[in-house]
Amino acid sequence: MADNLRSRAQLRRAVLSSYLGSVIEYYDFLLYATASAVVFTKVFFSSLDPVVGTIASLGTFTTGYLARPLGGIIFGHFGDLLGRKRMLVITMTMMGLASTLIGVLPTYAQIGVWAPILLIVLRVLQGIAVGGEWGGAVLMSAEHATTRRGLWASFTNAGAPSGMVVSTLMLTLMGAVTTDAQFLSWGWRVPFLLSVVLLAIGLFVRLKVDETPVFAATRRPSRAPLLEVLRRHPKNLLLAIGVGFGAFVAQGTLTTYILSYAVHAGFPRQTVLNAITVSSVGAVLGIVGYSALSDRVGRRPVVIAGALATGVVGFLLFPLIDTGSAALLTLAVVLGQSVAHPAMYGPLAALCTELFGTRTRYTGASLGYQIAGLGAGIAPVVFAALAGVGTGLISAVIAACCLVTVGCVLALGESSRVDLAEPRAVAEEARR
């Protein structure tokens, strides 16, 4: 009885720690995304043509996504070798410090070309931190859970839109209490500087969580988890990438590119931020709800339905925004981020962990998820370059990526009922 109570208490702590850690990581990571769309063009790329400056600013945003697989490899290796908890303390500290330093970074007008260079360096550190954070946070919840693994693991993914809400609200608050000149001068820095406060709170909670019982029971951890994944489970890795790619392309569109697109279409910045905030709140509920549903009916039907719905929304998104109506703008973003996208994104947390055995789970899940995550970093830049061609092509690209997700999910076995403590490759057992 005492062991059961302790196990439940640790599960609650693990889920809370994973959720708060994800909120903090994505607050910092997505704060940069928002700032890159509305601030950095003028602060760090002021010498460039506005259109070129926008593409360059979004390009620095993309570097964070390019660094995420590296973070997955580094922290996945040591997470599979030494344990999940230690790595999570390091990743959270890295993210908090990198974001705080962005808050004190000199502008292009002050130090010239060194400003964007240092910005890119700090963005890379952010990407490495997020790349290591996600896998460990999901495993802390999933490997502590004995039932409803999809539900408990989903709180890590729910941290992404939660972080978006907090970061957007902070930028909105600073925009409301400052003039445009003050906001560009120092107002945008305040949310980044607050990262150090969030870091302290997150570390306090995280240090109280025990190592996962599944990892603690491992007698022979892999000495080279990356090589083991590449040699023994390349198909699982490729399918994990394919399943997540469409979700991330849609995510990058709905949270980053839409902000830039709508502002250039004539909407006030605050109107667009309000729409994204509302849709992000809905996304939190959608992610948790769809993930809980996937525990009952399976991961595959939920993710497939979400991918198909997101592909359809991709064709509705830009026509609704082009009407110039704030209400239809909000409806478009809510349909995408709150209704359709969470169904394909939420269950990914549990699904990716279920594709690999304990010896390589941190590395395999992180690498598959983070390589797929490149879609969110590349999509805004590619779509900004395609803007002159027309939005129809952009919608077609989104739909095609969603179909890739559908195809990869169909190739997978249903994994929602497997035991994570099983030492063999989990997905291989699911397909038997």
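So, how was this worked out
- Residues numbered from 1 in each chain as written.
- Predicted model: local features only at pLDDT ≥ 70, side-chain atom pairs only at ≥ 80, totals over all residues.
- Heavy atoms only, no water.
- Helix = DSSP H or I, 4+ residues; strand = E, 2+ residues; numbered from the N terminus.
- Rg over C-alpha atoms; globule rule 2.2 N^0.38 Å.
- Buried < 20%, exposed > 50% of the residue type's maximum accessible area, 1.4 Å probe, protein only.
- Contact = heavy atoms within 4.5 Å.
- Phe/Tyr/Trp six-rings, centres within 6.5 Å; stacked < 30°, edge-to-face > 60°.
- Salt bridge = Lys/Arg side-chain N within 4 Å of Asp/Glu carboxyl O.
- Disulfide = S-S within 2.5 Å.
- Expected span 1.5 Å × (residues − 1).
- Bend = angle between axes of the 7 residues up to and from the residue.
- Patch = residues over 30% accessible without salt bridge, like charges linked within 9 Å, V, L, I, M, F, W, Y side chains within 5 Å.
- Areas by Shrake-Rupley, 256 points an atom, 1.4 Å probe, with all protein chains shown as cover.
- Axes fitted to C-alpha atoms, helices over the stretch in contact; angles between N-to-C directions.
- Parallel < 35°, antiparallel > 145°, perpendicular 65-115°, else oblique.
- Nonpolar A, V, L, I, M, F, W, Y, C, P; charged D, E, K, R; others polar.
- Polar contact = N/O pair within 3.5 Å; in protein donor to acceptor, adjacent residues only side chain to side chain.
- Left-handed = near helix turned anticlockwise from the far one by under 90°.

Trainee: Please explain the overall build of the protein as it appears in this structure.
Mentor: Helix and strand counts for the protein come out as 21 helices and 0 strands. Computed over the C-alpha atoms, the radius of gyration of the protein is 20 Å, within 12% of the 22 Å expected from 2.2 N^0.38 for a compact globule of 432 residues. Once the C-alpha set of the protein is aligned to its principal axes, its extents read approximately 60 × 40 × 40 Å. Counting all 432 residues of the protein, 59% fall into the buried class. Put simply, of all contacts in the protein between residues at least 6 apart along the chain, 86% involve residues at least 24 apart.

Trainee: Sorry if this is basic, but what is going on with the environment of A9 here?
Mentor: One can find A9 in helix 1 (residues 2–38). Residue class for A9 comes out partly exposed when judged on its relative accessible area of 23%. For the pair A9 and K42, spaced 33 residues apart in sequence, the C-alpha to C-alpha distance is 48 Å.

Trainee: Please explain the packing of aromatic side chains as it appears in this structure.
Mentor: Each aromatic ring pair is described using two quantities: the centre-to-centre distance and the angle formed by the ring planes. Enumeration according to the criterion identifies 10 aromatic pairs in this entry. On the numbers, 6.2 Å between centres and 70° between planes, the contact of Y257 with F318 is edge-to-face. On the criterion of sequence distance, the pair formed by Y257 in helix 13 (residues 234–264) and F318 in helix 15 (residues 299–322) is long-range, its members being 61 residues apart. The exposure classification of Y257 matches that of F318, with both residues buried.

Trainee: How should I be thinking about the pattern of salt bridges in this particular structure?
Mentor: When the charged atoms of two side chains with opposite charge come close together, those side chains can pair. As enumerated under the stated definition, the model contains 9 salt bridges in all. In this structure, E228 and R232 form a salt bridge, with 3.9 Å as the shortest nitrogen-oxygen distance. Placement of the pair is E228 and R232 together in helix 12 (residues 225–232), with a separation of 4 residues, close to one helical turn. Judged by relative accessible area, E228 falls into the buried class, the value being 12%. A residue is classified by how much of its surface remains accessible, and R232, at 57% relative accessible area, is exposed. Here R299 makes a salt bridge to D295, at a shortest N to O gap of 2.9 Å. This pair shows no difference in class: R299 is buried, exactly as D295 is. Linked through salt bridges whose partners overlap, the residues forming this network are D80, R84, E143 and R361.

Trainee: Would you mind going over the state of the cysteines with me for this structure?
Mentor: One covalent bond between the sulfur atoms of two cysteine residues makes up a disulfide. Applying the stated criterion across every chain yields a total of 0 disulfides. Cysteine C352 is unpaired, with the sulfur of C408 as its nearest cysteine sulfur at 11 Å. Considering cysteine sulfurs only, C401 is the nearest to C408, which forms no disulfide, with 11 Å between them.

Trainee: Hey, could you run me through the environment of G202 in this one?
Mentor: For G202, the position within the fold is in helix 10 (residues 195–206). Residue class for G202 comes out buried when judged on its relative accessible area of 3%. When the C-alpha atoms of G202 and R300 are compared, they prove to be 33 Å apart, with 98 residues separating the residues in sequence. If we skip the residues at most four places from it in the chain, G202 touches I24 and M92.

Trainee: So what exactly am I meant to see when it comes to helix 15 here?
Mentor: Count 3.6 residues to each turn of an α-helix, and residues three or four apart come out pointing the same way. For helix 15, which comprises 24 residues, the first-to-last C-alpha distance of 35 Å matches the rise-based estimate of 34 Å (1.5 Å per residue) to within 8%. Of all the bends found along helix 15, the most pronounced is centred on L316 and spans about 30°, while P319, a proline, follows it within four residues. Once helix 15 finishes, G324 follows within two positions and takes phi at roughly 85°, a positive value.

Trainee: Looking at this structure, I do not really get a nonpolar patch on the surface. What am I missing?
Mentor: On the surface, I111, V113, W114, I117, L118, V121 and L125 cluster together into a nonpolar patch covering about 580 Å² of accessible area. It is helix 6 (residues 114–142) that contributes the most residues to the nonpolar patch, 5 residues altogether. For V113, the location among the structural elements is in the loop between helix 5 (108–111) and helix 6.

Trainee: Is there a simple way to think about the packing of helix 4 (residues 84–102) against helix 10 in this case?
Mentor: Each pair of packed helices can be described by the angle between their axes along with the distance between the axes. Relative orientation of the contacting elements helix 4 and helix 10 amounts to 170°, with a least axis distance of 9 Å. The angle between the axes of helix 4 and helix 10 places the two elements in the roughly antiparallel class. Contact residues: K85, L88, V89, T91, M92, T93, G96, S99 and T100 in helix 4; S195, V196, L199, G202, L203 and R206 in helix 10. Its residues placed into classes, the contact of helix 4 with helix 10 shows 6 nonpolar, 7 polar and 2 charged.

Trainee: Teacher, can you tell me more about the side chain of N157 here?
Mentor: Here N157 shows up in helix 7 (residues 149–177). A polar side-chain atom of N157 sits 2.7 Å from a polar atom in the side chain of W134. The contacts of N157, once residues within four sequence positions are left out, are W134, I287, Y345, G346, L348, A349 and Y369.

Trainee: How should the packing of helix 14 (residues 269–297) against helix 16 (residues 326–345) be read in this particular structure?
Mentor: Direction vectors running N to C along helix 14 and helix 16 enclose 25°, while the axes themselves pass 8 Å from each other. Put simply, helix 14 runs roughly parallel to helix 16. The two elements helix 14 and helix 16 meet at a crossing, and its hand is right-handed. Side by side, helix 14 and helix 16 meet where T271, V272, A275, I276, V278, S279, S280, G282, A283, G286, I287 and Y290 of the first sit next to A326, L329, T330, V333, V334, Q337, S338, V339, P342, A343 and Y345 of the second. Grouping the constituent residues of the contact of helix 14 with helix 16 by class yields 15 nonpolar, 8 polar and no charged.

Trainee: When you look at the side chain of T363 in this model, what are you seeing that I'm missing?
Mentor: Along the polypeptide, T363 turns up in helix 18 (residues 361–372). Looking at T363, the relative accessible area reads 1%, which means it is buried. At 3.4 Å, the side chain of T363 and the backbone nitrogen of H77 are in polar contact. Within the structure, T363 has its side chain in polar contact with the side chain of D80 (distance 2.8 Å). Contacts of T363, omitting those with residues within four sequence positions, involve G76, H77, D80, P225, L226 and V229.

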